[in-house]
Each structure stands twice: as C-alpha cells, then as structure tokens.
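# Tertiary structure, described
In case you want the letters, here they are:
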Amino acid sequence: MPSLHDAQRALQRAILADAPVAEGMLSAGSRPGIYRHAYRARLAGALAANYPALAAALGAAAFRELAERYARMHPSRRYSIRWHGDRLAEALDDERLADLARMEWALGIAFDAPDET
C-alpha cells in the first residue's frame with residue numbers, strides 16, 4: 001500500500017497534468033477526473049471574478065478556453081487562489097485584450113493594496 005505522501009503526490013499529478021493514476025494509488029478510476037474538473041472550474045471561476053470585462057468581451061466559450069489554456073501554462077503555485085491570473089495578459093494574442101487584462105489586474109491589486117496615510 002502506498003504511503004499517504006505518495007498517494008497525495010499521485011493525485012496532484014493526476015489533477016494538474018492529466019497523468020494517469022498508478023494502479024492501487026486511488027480507487028475508482030473516475031475520481032481523479034472529478035477532482036481535475038473541479039480544480040480547473042474553480043481556477044476558471046477565479047479568473048472570471050478577476051477579469052469580468054475580459055470575460056464579457058471574449059464570451060463564455062472563448063473565456064473558458066482561455067482559462068483552460070492559462071491553467072496549463074501557469075498552474076497555480078500559491079496557497080491563495082486570489083493570485084491565479086497574474087500573468088493572464090501574456091496569454092492573449094490581441095494587444096487590446098491584453099491591455100484590458102492588465103488594467104483589470106491592476107484594479108484588483110489596487111483594491112487589495114494597503115491604505116496609504
């Protein structure tokens with residue numbers, strides 16, 4: 001039987017990289033897919049919350065595609081989901097949309113910044 005650490009690492013790899021889970025690491029082969037979908041949906045929701053104008057400009061389907069591509073390019077590395085999306089402008093080919101993304105990110109950062117005296 002694998003250790004808890006090994007099982008957690010296998011699940012993380014399955015969620016982040018679409019890696020198949022080794023036999024015996026997790027029961028019920030569909031469970032990693034459920035976690036993968038929930039994880040990616042939550043990341044996409046965080047992006048939509050941080051970039052509402054961009055999401056509206058792109059439309060739901062294109063924004064979902066962008067969110068999926070971005071999550072693969074830049075997987076979340078922080079404990080807080082708030083910071084997922086800090087490089088989204090880099091994933092946009094259209095410079096006008098990239099400018100919109102930079103503006104929305106700057107507004108969010110300004111909102112979260114400490115008050116000045």
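The structure presented is a predicted model; accordingly, all values stated were derived computationally and were not measured.

A word on the packing of aromatic side chains. The tally for this structure, following the rule as stated, stands at two aromatic pairs. Consider the rings of Y51 and W105, whose centres lie 6.0 Å apart with planes at 20°: the pair is stacked. Residue Y51 is found in the loop between α2 (31-50) and α3 (52-58), and its partner W105 is found in helix α5 (residues 95-112); the two are separated by 54 residues along the sequence. This pair shows no difference in class: Y51 is buried, exactly as W105 is. What makes W105 buried here is its relative accessible area of 13%. Taken together, Y51, W83 and W105 form an aromatic cluster joined through their ring pairs. Sitting over the face of the ring of W83, R82 holds its NZ or CZ atom 5.0 Å from the ring centroid. One cation-aromatic arrangement involves R82 over W105; the distance from NZ or CZ to the ring centre is 4.9 Å.

Moving on, we come to the side chain of H74. Looking at the element boundaries, H74 is found in the loop between α4 (60-73) and α5. Classification of H74 as buried rests on a relative accessible area of 14%. At 3.4 Å, the side chain of H74 forms a polar contact with the side chain of R87. With residues near it in sequence (within four places) discarded, H74 still touches H84, R87 and E90.

What counts, and where the lines are drawn
Residues numbered from 1 in each chain as written. Predicted model: local features only at pLDDT ≥ 70, side-chain atom pairs only at ≥ 80, totals over all residues. Heavy atoms only, no water. Phe/Tyr/Trp six-rings, centres within 6.5 Å; stacked < 30°, edge-to-face > 60°. Helix = DSSP H or I, 4+ residues; strand = E, 2+ residues; numbered from the N terminus. Buried < 20%, exposed > 50% of the residue type's maximum accessible area, 1.4 Å probe, protein only. Lys NZ or Arg CZ within 6 Å of the ring centre and 35° of its normal. Polar contact = N/O pair within 3.5 Å; in protein donor to acceptor, adjacent residues only side chain to side chain. Contact = heavy atoms within 4.5 Å.

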